[in-house]
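Examination of the molecular architecture
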Amino acid sequence: FQAEDGIRDFCLSRGLGDVYKRQLFVPMLKTVGVKLGMRNINVLQGRSFLQFPVNTDGTIDSPHIDIYSEDDFIVALYYVVDSDGDTVIYNETEESKTYTIKKSVTPKQGRMVIFDGSLYHAAEQPINSNTRCVVNYNLGVWWEKNFTQS
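If you're wondering where the values come from, they're calculated on a predicted model, not measured in any experiment. (Residues numbered from 1 in each chain as written. Predicted model: local features only at pLDDT ≥ 70, side-chain atom pairs only at ≥ 80, totals over all residues. Heavy atoms only, no water.)

Further remarks concern the overall build of the protein chain. Within the protein chain, the secondary structure is distributed over 1 helix and 7 strands. A total of 150 residues make up the protein chain; the buried ones form 37% of that total. Put simply, the protein chain shows about 9,300 Å² of open surface, and 50% of that area lies on carbon and sulfur atoms. (Helix = DSSP H or I, 4+ residues; strand = E, 2+ residues; numbered from the N terminus. Buried < 20%, exposed > 50% of the residue type's maximum accessible area, 1.4 Å probe, protein only. Areas by Shrake-Rupley, 256 points an atom, 1.4 Å probe, with all protein chains shown as cover.)

Encoded structure:
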């Protein structure tokens, strides 16, 4: 698949999408990882999302985790544009009928949020913004020191 802007969403792509994914984000993630005390980062999955609001009532999408894995991993979300469609991170690490909010993060251009990949999370549909654009990476990591979560 190739969008009009030339960004391809096919894993063997060598188009503009690869430039963003491999030459921009992976080095940035490795730099952030070193600052957080990660010895090694293994990119498990990288995806980009461009959402156009289906509705404008602030509906929150279904809580989910990105990868069902026995191994520890983290989620790194990079916000490409400002939006009012928050990322909601829950306390729960197992599927539940009810979820309690740990943190709600408003997308701001250039902001990156990193959290434990075992935490359920969801996207809120934007109410006032026309789009919500997020680059999502799931990273397998090995820690040099304890990672404290806020």
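Next up on the list: the sheet that holds strand S3 (residues 87–90). Pairing between the strands of a sheet comes from backbone hydrogen bonds, and it takes one of two forms, parallel or antiparallel. Spatial strand order, S4-S3-S6: 3 strands in an open sheet with antiparallel pairing. In the strand order of this sheet, the two ends are held by strand S4 (101–105) and strand S6 (121–123), each with one partner. Taking each pair of neighbouring strands and ignoring which way they run, the sheet shows an average axis angle of 15°. Pairing geometry for S3 and S6, over 3 bridges, is antiparallel. (Pairing = 2+ DSSP bridges. Axes fitted to C-alpha atoms, helices over the stretch in contact; angles between N-to-C directions.)

Turning to its location among the elements, Val 80 is positioned in the loop between strand S2 (73–79) and S3. Every residue in contact with Val 80, bar those within four places of it in the chain, is listed here: Gln 109, Cys 133 and Val 135. (Contact = heavy atoms within 4.5 Å.)

All right, on to the side chain of Thr 87 then. With respect to the helices and strands, the residue Thr 87 is situated in strand S3. Take Thr 87: its relative accessible area is 3%, and that puts it in the buried class. Here Arg 132 takes part through its side chain, which lies 2.7 Å from a polar atom of the side chain of Thr 87. With sequence-adjacent residues up to four places away left out, Thr 87 is seen in contact with Leu 77, Tyr 79, Lys 103, Ser 104, Val 105, Ala 122 and Arg 132. (Polar contact = N/O pair within 3.5 Å; in protein donor to acceptor, adjacent residues only side chain to side chain.)

Moving on, we get to the packing of aromatic side chains. Evaluation of the coordinates by the stated rule reveals 2 aromatic pairs. Taking the centre distance of 5.6 Å and the plane angle of 40° together, the rings of Tyr 99 and Tyr 120 count as tilted. A residue pair is termed long-range when its members are at least 10 positions apart, and Tyr 99 in the loop between S3 and S4 and Tyr 120 in the loop between strand S5 (112–116) and S6 qualify at 21 residues. Overall, the relative accessible area of 5% leaves Tyr 120 in the buried class. Aromatic rings pair up to connect Tyr 90, Tyr 99 and Tyr 120 into one cluster. (Phe/Tyr/Trp six-rings, centres within 6.5 Å; stacked < 30°, edge-to-face > 60°.)

Once that is clear, we can look at the nonpolar core. Ile 67, Phe 73, Val 75, Leu 77, Tyr 79, Ile 89, Val 105, Val 113, Phe 115, Leu 119 and Val 134 together form the largest nonpolar core, which totals 11 residues. Every element with two or more residues in this core is listed here: S2 and S5. With 4 residues, the single largest contributor to this core is S2. Among the nonpolar cores identified, the runner-up in size contains 10 residues, and Met 38, Ile 74, Tyr 78 and Tyr 137 belong to it. (Core = buried A, V, L, I, M, F, W, Y, C linked by side-chain atoms within 4.5 Å.)

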